[in-house]
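Working through the structure, step by step
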Amino acid sequence: PVNYVTIGMNKTMLIVGLGNIGAEYDGTRHNIGFDCVDAFAKTNSLDAWILKKDLKCRLTTGRIGEVRVYAIKPTTFMNLSGEAIQAVASFYRIPVENTVVVHDELDIDFGQLRLRVGGSAAGHNGIKSVSQHIGEDYARIRIGIGPKHPARIASEKFVLQAFSAEEQAQIANMTQEVNAVLSEFVYGGQLPNETRSFLV
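Residues numbered from 1 in each chain as written. Predicted model: local features only at pLDDT ≥ 70, side-chain atom pairs only at ≥ 80, totals over all residues. Heavy atoms only, no water.

**Description of the overall build of the chain**
Just so we agree on the cut-off: Runs of E in the DSSP output that reach at least two residues are strands. Runs of H or I that reach at least four are helices, and both are numbered from the N terminus. Note that the radius of gyration is over C-alpha atoms, with the globule rule given as 2.2 Å times the number of residues to the power 0.38. Residue exposure (1.4 Å probe, protein chains only): buried if accessible area is under 20% of the type maximum, exposed if over 50%, otherwise partly exposed. Pairs of residues are marked as contacts when any of their non-hydrogen atoms sit within 4.5 Å. To be clear on the numbers: accessible area is Shrake-Rupley with a 1.4 Å probe, and residue cover counts the displayed protein chains and nothing else. This count recognises Lys and Arg as positive and Asp and Glu as negative, with His and chain-terminal groups excluded. Working definition for charges: the position is that of NZ of Lys, CZ of Arg, CG of Asp or CD of Glu.
Looking only at helices and strands, the chain has six helices and eight strands in total. For the chain, whose C-alpha radius of gyration is 16 Å, the value lies close to the compact-globule estimate of 16 Å for 200 residues. Counting only C-alpha atoms and orienting by the principal axes, one finds that the chain spans roughly 65 × 35 × 30 Å. Burial status across the chain gives 49% buried among its 200 residues. Nonlocal contacts in the chain, meaning residues at least 24 apart in sequence, comprise 70% of its contacts between residues at least 6 apart. For the chain, the accessible surface area stands at approximately 9,700 Å², while carbon and sulfur atoms represent 51% of it. Placing the 20 positive and 21 negative side-chain charges of the chain at their respective mean positions leaves the two points 4 Å apart.

This is the structure we're talking about:
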């Protein structure tokens, strides 16, 4: 018998949070991608996170409306994130245009989210790895963590520090705004090129 499947039911999307695995990285600026995807999974009652060693990630899945959503947190270090994304995308046959990556961005001020599809890595090693593995045509939610303070601190050091108390007070607003953008992406299938602010 022929199996008729409606295209709507067949739609899959991949949501990726970038970060570094390990307790010492929890709560750091560089791990805000993980934190936002955790919040998204919780808000949308996705399944419990499971470790997928062969796919180099922690993974959760669920249905949101008509869409099957996979959310992952790579278990490689940041600079190898693309390996996990490529493995998951090819295993579940998720096209690059149905993929969105949530990550920190030092060149953007804290309080802003920039949404876009494609573009360069702007010095972000995680994004560099993703583009090497799946090309550049994926959607990005870039979360501002700049500017550095003190200005002369090494970027590598700054991104691995915890957010300041003032910034921490805004994290719930940030994850809520990212959640809204991700929901729009899942339901609408695309990301607008725009900047949003989440400061209250």
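Still more ground to cover, so stick around.
**Let's talk about the pattern of salt bridges**
Put simply, the rule is: Salt bridge, as applied in this entry: a Lys or Arg side-chain nitrogen positioned within 4 Å of an Asp or Glu carboxyl oxygen.
In the structure shown here, the tally under the stated rule is seven salt bridges. Taking the shortest distance from any N to any O, the salt bridge between E83 and K56 comes out at 2.8 Å. Of the two residues, E83 sits in helix α2 (residues 81–91) while K56 sits in the loop between β2 (50–52) and β3 (57–64), which places them 27 residues apart along the sequence.

**Section: the packing of aromatic side chains**
Put simply, the test is: Only the six-membered ring of Trp is used, alongside the rings of Phe and Tyr, when aromatic pairs are assigned; centres must lie within 6.5 Å, and planes under 30 degrees apart are stacked while those over 60 apart are edge-to-face, with the rest tilted. Each ring is checked for a lysine NZ or an arginine CZ that lies within 6 Å of its centre and within 35 degrees of its normal; such an atom marks a charge sitting over the ring.
Across all of its chains, the model carries five aromatic pairs by this definition. Where Y25 meets F77, the ring centres are 6.2 Å apart and the plane angle is 80 degrees; that geometry is what we call edge-to-face. You can see Y25 sitting in the loop between β1 (12–17) and α1 (32–43) and its partner F77 sitting in the loop between β4 (67–74) and α2, a full 52 residues away along the chain. The class of F77 is partly exposed, set by a relative accessible area of 45%. An angle of 85 degrees between the planes, with centres 4.9 Å apart, marks the rings of F91 and Y92 as edge-to-face. Members of the aromatic cluster, each reached through a chain of ring pairs, are Y70, F91 and Y92. K73 extends its terminal NZ or CZ atom over the ring of F34, reaching a point 5.9 Å from the ring centre.

**Observations regarding the nonpolar core**
Operational definition: In these notes, a set of buried Ala, Val, Leu, Ile, Met, Phe, Trp, Tyr and Cys residues joined through side-chain atoms within 4.5 Å is what counts as a nonpolar core.
I15, I141 and I143 are the most contacted members of the largest nonpolar core, which has 32 residues in total. If you list the elements that add at least two residues to this core, you get β1, α1, β4, β5 (99–109), β6 (112–117), β7 (139–146) and α6 (171–188). In terms of residue count, the dominant contributor to this core is α6 (seven residues). With near-sequence residues (within four places) excluded, I15 lies in contact with V37, F40, V69, Y70, A71, I72, V100, L182 and V186. In this structure, L59, A89, V101 and V130 belong to the second largest nonpolar core, which totals 22 residues.

**Digging into the pairing of β6**
Successive side chains on a regular strand alternate, one facing one side of the sheet and the next facing the other. Definition in use: Think of it this way: DSSP has to see at least two bridges between two strands before they count as a pair.
Where β6 meets strand β8 (residues 194–197), four bridges bridge the pair, whose relative direction is antiparallel. Its bridge partner being in β8, L115 is matched across the sheet by E194. In this structure, β6 lies alongside β7, joined through five bridges in antiparallel fashion. Looking at the pairing, L115 lines up with I141 of β7.

**Notes on α2**
Taken residue by residue, α2 has S81, G82, A84, I85, A87, V88 and A89 as its buried positions. Those residues of α2 hidden inside the fold are in contact with β1, β3, β4, β5 and α3 (125–134). At the C-terminal side of α2, R93 shows a positive phi close to 55 degrees.

**Some details on the pairing of β1**
For β1, the buried fraction is high: six of the six residues fall into the buried class. Alternating residues of β1 divide into T12, L14 and V16 and M13, I15 and G17, and every residue in both groups is buried. Of the strand pairs in this sheet, β1 and β4 are connected by five bridges, and their pairing is parallel. The partner of T12 across the bridge, within β4, is R68.

Structural measurements only, silent on function.
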